[in-house]
Amino acid sequence: MRHNSNLMRTAALLGAILLIILGLAQGDSDALGDDQPMFDVRKVEIAGELKYSDPNALQQYYDQLLGSGLFDDSMGNLTNFVTRPPWIESAKVRRVWPHTIRVSVVEHRPLAYWNAGQIITAEGQIITPRRLPDLPLTKLMGPRDTESVVLDQFSLISQMLSTSSLRVAKLELEDRGAWNIQFSNGIRVALGRTDILDRLGRFVAVYKSDLSGRIERISSVDARYPHGVAVKWKLQE
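Just so it is clear, the model here is predicted, and its values are computed rather than measured.

Caption draft 1: View of helix α5 (residues 196–211). Turning to α5, its buried residues number three or more, namely I196, R199, L200, F203, V204, Y207 and L211. Viewed along the axis of α5, the buried residues span an arc of 140°, placing them on a single side of the element. Elements in contact with the buried residues of α5: α4 (147–160), β9 (179–183), β10 (188–192), β11 (218–222) and β12 (230–233).

Caption draft 2: A look at the side chain of T146. Here T146 is to be found in the loop between β7 (138–141) and α4. Within the structure, T146 has its side chain in polar contact with the backbone oxygen of P143 (distance 2.5 Å). If we ignore the near neighbours within four places in the chain, the residues touching T146 are W114 and L173.

Caption draft 3: Layout of the sheet that holds strand β3 (residues 100–107). Read across the sheet, three strands follow the order β1-β3-β2 without closing on themselves; strand pairing throughout is mixed. Among the strands making up the open sheet, the edge pair consists of β1 (43–47) and β2 (88–96). Geometrically, the sheet is characterised by an average inter-axis angle of 25° between neighbouring strands, direction not taken into account. With five bridges joining them, β1 and β3 adopt parallel strand pairing.

Caption draft 4: Local environment of the packing of aromatic side chains. This model, assessed by the stated rule, comprises six aromatic pairs. Between F39 and W97, the aromatic rings sit 5.8 Å apart at their centres with planes inclined by 55°, giving tilted as the arrangement. Separated by 58 residues along the polypeptide, F39 in the loop between α1 (2–32) and β1 and W97 in the loop between β2 and β3 bring together distant segments of the chain. Classification of F39 as partly exposed rests on a relative accessible area of 26%. Each ring, one from F183 and one from F203, has its centre 5.6 Å from the other, and the planes form 15°; the classification is stacked. With F183 in strand β9 and F203 in helix α5, the pair connects residues that are 20 residues apart, well separated along the chain. For F183, a relative accessible area of 1% gives the class buried. The exposure class assigned to F203 is buried, which follows from its relative accessible area of 0%. Feature note: the residues Y61, Y62 and F81 constitute an aromatic cluster, connected by ring pairs. The ring of W233 carries the charged tip of R217 above its face, separated from the ring centre by 5.1 Å.

Caption draft 5: How the structure looks around the nonpolar core. In terms of nonpolar packing, the biggest core is built from 28 residues, with L140, L171, F183, V189 and F203 touching the most fellow members. At the level of secondary structure, the elements contributing two or more residues to this core comprise β4 (110–114), α4, β8 (168–173), β9, β10, α5 and β11. In terms of residue count, the dominant contributor to this core is α5 (six residues). Core analysis: the second largest hydrophobic core is formed by 15 residues, V44, Y62, V82 and V105 among them.

Caption draft 6: How the structure looks around unusual backbone geometry. Along the chain, W97 connects to P98 via a cis peptide bond; the corresponding omega equals 5°. Inspection of the secondary structure assignment puts P98 in the loop between β2 and β3. Notably, N115 is not glycine yet its phi reads approximately 50°, a positive angle. Exposure remark for N115: the relative accessible area of 23% places this residue in the partly exposed category. Despite not being glycine, D195 shows a phi value in the positive range, around 50°. Tracing the sequence through the fold places D195 in the loop between β10 and α5.

Caption draft 7: Here's a closer look at the pairing of strand β5 (residues 118–121). Note that β4 and β5 share four bridges and pair antiparallel. Bridging from a neighbouring strand, P110 pairs with T121 of β5. In this structure, β5 lies alongside strand β6 (residues 126–127), joined through two bridges in antiparallel fashion. Bridging across to β6, I119 finds its partner in I127. Turn length for the β5-β6 hairpin, with the two strands adjacent in sequence and antiparallel, is four residues, and the turn residue G124 shows positive phi of about 85°.

So, how was this worked out
Numbers given for residues are sequential positions, taken from 1 along each chain in its written order. Only residues with pLDDT of at least 70 are given local features in this predicted model, and only at 80 or more are side-chain atom pairs given and counted; all residues enter the totals for whole chains, interfaces and linings. Excluded from the side-chain calculations are hydrogens and water; all other atoms, namely the structure's heavy atoms, are used. A 1.4 Å probe rolled over the protein chains alone gives each residue an accessible area, and that area as a share of the maximum for its type sets the label: buried under 20%, exposed over 50%, partly exposed in between. In this text, helices come from DSSP runs of H or I with a minimum length of four residues, and strands from runs of E with a minimum of two, each type numbered from the N-terminal end. Taking the helix axis as origin, the arc is that swept by the directions to the C-beta atoms. In what follows, a contact means two residues having at least one pair of non-hydrogen atoms within 4.5 Å. Whenever two N or O atoms come within 3.5 Å, that pair is a polar contact, provided that in protein one can donate a hydrogen and the other can accept it, and provided that, for residues adjacent in sequence, both atoms are side-chain atoms. Strand pairing is defined by DSSP finding a minimum of two bridges between the two strands. Helix axes are fitted only over the stretch in contact, all axes being lines through C-alpha atoms; the angle between N-to-C directions runs from 0 to 180 degrees. Whether two aromatic rings pair depends on their centres lying within 6.5 Å, for rings of Phe, Tyr and Trp, where Trp uses its six-membered ring; planes under 30 degrees apart make the pair stacked, over 60 edge-to-face, and the rest tilted. Two thresholds decide whether a charge sits over a ring: the Lys NZ or Arg CZ must be within 6 Å of the ring centre and within 35 degrees of the ring normal. In this description, a nonpolar core means a group of buried Ala, Val, Leu, Ile, Met, Phe, Trp, Tyr and Cys residues linked to one another through side-chain atoms lying within 4.5 Å.

Dropping the structure here:
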């Protein structure tokens, strides 16, 4: 008798749960239509600090999830979707029962500009935002698929210049393999294809001893010589 009593209580509990579920489904049916899922996505919340993303554009993109079932996609597919916007480096997705998806985002950290309209991130990735931010970043330039080479060279050059007042404004790798550098004080230096750091070192030595006080008169510098540099002076008016 006790066993039968337990079965009856279990059956009654299951029946009550079923009635609640059916009641929820019926209550939603008038508002959503018969073809809508019971636990549809009605809100997408964005969490995390946004420095570079356009919040409105990001919300509009994520709102493509509205109306879909809360459990229609796997977590992997959802994560892939929410990390597609160019500034989003990573994101954590959480389903909040019964109608919300919460996305916690982490943005890329911009390291340098790359060619026209792109950014190299601190992780070495190339992203293409709709609009470039106005940031005090070095501009790196080079042929396609050379970003890692240019980034490595920029790192070495920055280390060499760390004890000087010179800062790189633009570093360019030409199609033919030659390197050119422009500093934030306006001086442009041709470094050629080989012995880049040695040639840069010779320029820095000359700059410290002879050129630093005459920056406004310098047009450009050619450091492709084996034992020195050639300075092109601006024409005196």
